[in-house]
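Overview (structure and organization)
The residues making up each chain are set out below.
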Amino acid sequence: MISEPSRYCTVELQALPSRIGQVRRIVSAHLRHWQLDALIDLAALGVTELLTNVHRHAEPDKTCTVEVELLLDRLTVSVRDHDPRIPNLGEPADHDDDFATSGRGLAIIEAMSESWGVRPHGDSGKVVWFTLQAPPTPVAETPHSHVVYGATTAGPLNSPALVR
């Protein structure tokens, strides 16, 4: 029996700069395996932004869990950490500087995803997630039936020699 490949992956890590690149490669590999190459760049960008937020802001520690799930036609990427503070979509830290290099993580998530959100997780912690629309899977072409005219027998199984 051939089973459907798994459409779920989870990675636990410390959100340190060296680990963020590794997780981005893991997510990309899973999407390639699931034949979702069209989503790799967006998913890698989104997971990078979420993990960078954990690295910069999460307290008391940088431990987090990344989950990637494909359900029907939606890919959901989520990052769960132990900091109960809910982030908000705000201005960059230095909103007067158009060239500021930080503070736009959730704005990027909002711009590149179909939907996103934050929810509390347990007594302490939260989950920040985003979804991407998966491209339609190619439908295998079904062979066309051809009618054969002029058949004079009912077929080989109706032959008296084969029926007992």
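Anyway, here's the lowdown on the structure attached to this text.

Reading the values: the criteria
- Residues numbered from 1 in each chain as written.
- Predicted model: local features only at pLDDT ≥ 70, side-chain atom pairs only at ≥ 80, totals over all residues.
- Heavy atoms only, no water.
- Core = buried A, V, L, I, M, F, W, Y, C linked by side-chain atoms within 4.5 Å.
- Buried < 20%, exposed > 50% of the residue type's maximum accessible area, 1.4 Å probe, protein only.
- Helix = DSSP H or I, 4+ residues; strand = E, 2+ residues; numbered from the N terminus.
- Contact = heavy atoms within 4.5 Å.
- Axes fitted to C-alpha atoms, helices over the stretch in contact; angles between N-to-C directions.
- Parallel < 35°, antiparallel > 145°, perpendicular 65-115°, else oblique.
- Left-handed = near helix turned anticlockwise from the far one by under 90°.
- Nonpolar A, V, L, I, M, F, W, Y, C, P; charged D, E, K, R; others polar.

1. Some thoughts on the nonpolar core
Among the nonpolar cores identified, the biggest contains 32 residues, and Val23, Leu31, Leu51, Val66, Val68 and Leu75 are the most heavily contacted of them. Element by element, the count of residues in this core is highest for helix α2 (residues 40-57), at six residues. Discounting chain neighbours no more than four positions away, the residues touching Leu51 are Leu13, Ala15, Ile20, Val23, Cys64, Val66 and Val79.

2. Regarding the packing of helix α1 (residues 17-33) against α2
Following both chains from N to C, one finds α1 and α2 inclined at 150°, their axes separated by 9 Å at the closest point. Between α1 and α2, the crossing angle belongs to the class labelled roughly antiparallel. Considering only the axes of α1 and α2, their crossing is right-handed. Counting all contacts with α1, which are made through Pro17, Ile20, Val23, Arg24, Val27, Ser28, Leu31 and Arg32, the residues of α2 involved are Ile40, Ala43, Ala44, Val47, Thr48, Leu51, Thr52 and His55. Partitioned by chemical class, the residues of the contact of α1 with α2 number 10 nonpolar, four polar and two charged.

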